[in-house]
Amino acid sequence: MPLIDTHCHYNLEPLYSNWPNHLAQALENGVAQSIIVGAGLRSSQKAVEIAQKENKLYAAVGIHPERSLKITDLNQSLDQLEKIAQNKKVVAIGEIGLDYFHLEKSQAQKDLFIGQISLAKRLNLPIILHVRDKEEAAYFETLEVLEKHWHFKKAVVFHCVSGPLKYVKKALDYPNSYFGFDGNITFKNADHLREIFQLVQKTAPHKILLETDAPYLAPVPWRGQLCEPKMIAQTAKYLSENFQLDLNKVYQNSLDAFTLSYKL
Ligand SMILES: [Zn+2]
């Protein structure tokens, strides 16, 4: 069964310096296509450069909320991002969003998020969201921002989805919402993630995507080690064995979310 890794970072070390080798191993493990996701201007540029070399790879470009405090001129950064996003291998804007786990809540984060939503609308591209919080604020504020600024005509991907079930339920109601599940769903203490997974599976199985987030979040039995893109096969196996996840359907979901079938 072919798999699509809808979120990985061949553009970040330690994968970057050896990406052709990691890609070859991913291909051997059934990964038919992958989306390399940017976290800042430089890694977005790298994502595009890698994707241009290999027709099974696509790029998402975006500025992660953690970069918000380092930006001195938001408009200039958005202009630079827009230039990178012109490349035809770019299939989404991401990863963008709100992170109150690593950073304090700030207007800078919100402005960066909203600016990139406008860019995605202008370029008619899906968005890939990074949302994290120790508590609940980032989750519900993300929904507020989306309801105010997003058009819901293209996919909005909740990457590595976490957060309160009430938030996930609201996000499930949105048109064209998708939910990315990663290797951390295999962790022993991940009952809450499995609960989210089962909620999405029961309500909207056509909204499930698989990701690695490599080099982060290696699934069991490699928890804590370098996550390699090939390890998506292990997460897929875990979900199909324990939750009867239909991998054929997930493959189709991934094509739909990023309209990849039109680019093959
Ligand atoms: Zn990521």
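A brief structural summary. These numbers come from a predicted model, not from an experiment. Note on numbering: residues in each chain are counted from 1, in written sequence order. Given that the model is predicted, a residue must reach a pLDDT of at least 70 before its local features are reported, and side-chain atom pairs must reach 80 or more before they are shown or counted; all residues, however, enter totals for whole chains, interfaces and linings.

We count a stretch as a helix when DSSP gives it H or I for four or more residues in a row; a strand needs E for two or more, and each element gets its number in order from the N terminus. Secondary structure assignment for the chain yields nine helices and eight strands. Relative to a compact globule of 264 residues, whose C-alpha radius of gyration would be 18 Å, the chain shows 17 Å and is just as compact. Taken along the three principal axes of its C-alpha coordinates, the chain extends 45 × 40 × 35 Å. Of all 264 residues assigned to the chain, the portion counted as buried reaches 50%. Put simply, the radius of gyration uses C-alpha atoms, and a globule should come to 2.2 Å times the residue count raised to 0.38. For every residue, the other C-beta atoms within 10 Å of its own C-beta are counted; 20 or more classify it as buried, 12 or fewer as exposed, and values in between as partly exposed. C-beta atoms are placed from the backbone.

Moving on, we get to the packing of helix H3 (residues 74-85) against helix H4 (residues 107-123). Axes are the key here: two packed helices are described by the angle between their axes and the distance separating the axes. To get an axis, a line is fitted to the C-alpha atoms, and for a helix only the part in contact is used. The angle between two axes follows their N-to-C directions and goes from 0 to 180 degrees. At a closest axis distance of 11 Å, the pairing of H3 and H4 adopts a crossing angle of 35°. With respect to the hand of their crossing, H3 and H4 are arranged in right-handed fashion. On the side of H3, the interface is formed by Leu74, Leu78, Leu81, Glu82 and Ala85, while H4 contributes Asp111, Leu112, Gly115, Leu119 and Leu123. Polar here means any residue outside two lists: the nonpolar Ala, Val, Leu, Ile, Met, Phe, Trp, Tyr, Cys and Pro, and the charged Asp, Glu, Lys and Arg; Gly therefore counts as polar. Among the residues making up the contact of H3 with H4, the classes are represented as seven nonpolar, one polar and two charged. Crossing handedness is read from the near helix: turned anticlockwise from the far helix by less than a right angle, it gives a left-handed crossing, and turned clockwise, a right-handed one. Our contact criterion uses C-beta atoms placed from the backbone: two residues qualify when those atoms are within 7 Å.

Bringing the environment of threonine 212 into the picture now. Mapped onto the secondary structure, threonine 212 falls in the loop between strand E8 (208-210) and helix H8 (232-243). Given 30 C-beta atoms within 10 Å, threonine 212 falls into the buried group. Taking the C-alpha atoms as reference points, threonine 212 and leucine 12, separated by 200 residues in sequence, lie 13 Å from one another. Residues contacting threonine 212, with those up to four places away along its chain left out, are Asp5, Cys8, Asp182, Gly183, Cys227, Pro229, Met231 and Ile232.

Along the chain, the position of leucine 12 falls in the loop between strand E1 (3-8) and helix H1 (19-28). Once the C-alpha coordinates of leucine 12 and serine 43 are considered, the two residues, 31 residues apart in sequence, prove to be 6.9 Å apart. Apart from the residues lying within four places of it in its own chain, the contact partners of leucine 12 are Ser43 and Pro215.

With that settled, consider the sheet that holds E8. The pairing criterion for strands is at least two bridges between them, as found by DSSP. Taken together, the eight strands give an open sheet; going across it, the order is E1-E2-E3-E4-E5-E6-E7-E8, and neighbouring strands pair in parallel fashion. Each edge of the open sheet is held by one strand with a lone partner, namely E1 and E8. Going across the sheet, the axis of each strand differs from the next one's by a mean of 30°, ignoring polarity. Pairing analysis gives five bridges linking strand E4 (residues 90-99) to strand E5 (residues 127-132), with the strands arranged parallel. Within the sheet, the bridge partner assigned to leucine 98 lies in E5 and is valine 131.

Let us now look at the nonpolar core. Membership of the largest hydrophobic core comes to 80 residues, with the highest contact counts inside it found for Ile36, Ala60, Val61, Ile93, Ile127 and Val157. The element that contributes the greatest number of residues to this core is E4, accounting for six residues. Not counting the four nearest positions on each side in its chain, isoleucine 93 is found in contact with Ala60, Val61, Gly62, Ala85, Gln116, Leu119, Ala120, Leu125 and Ile127. Only buried residues count toward a nonpolar core: Ala, Val, Leu, Ile, Met, Phe, Trp, Tyr and Cys, linked into one set through C-beta atoms within 7 Å.

Expected span, for any helix, means 1.5 Å times one less than how many residues it has. For H8, with 12 residues, the first-to-last C-alpha span of 16 Å sits near the 16 Å given by 1.5 Å per residue. Those residues of H8 hidden inside the fold are in contact with E1, strand E2 (31-37), E8 and helix H9 (247-258). Where H8 ends, the next residue or the one after it, glutamine 244, has phi of about 50°, a positive value.

Residue glutamate 95 follows glycine 94 across a cis peptide bond; omega there is 10°. Following valine 220, the chain continues to proline 221 via a peptide bond in cis, the omega torsion being 15°. Its location among the elements puts proline 221 in the loop between E8 and H8. Notably, asparagine 124 is not glycine yet its phi reads approximately 60°, a positive angle.

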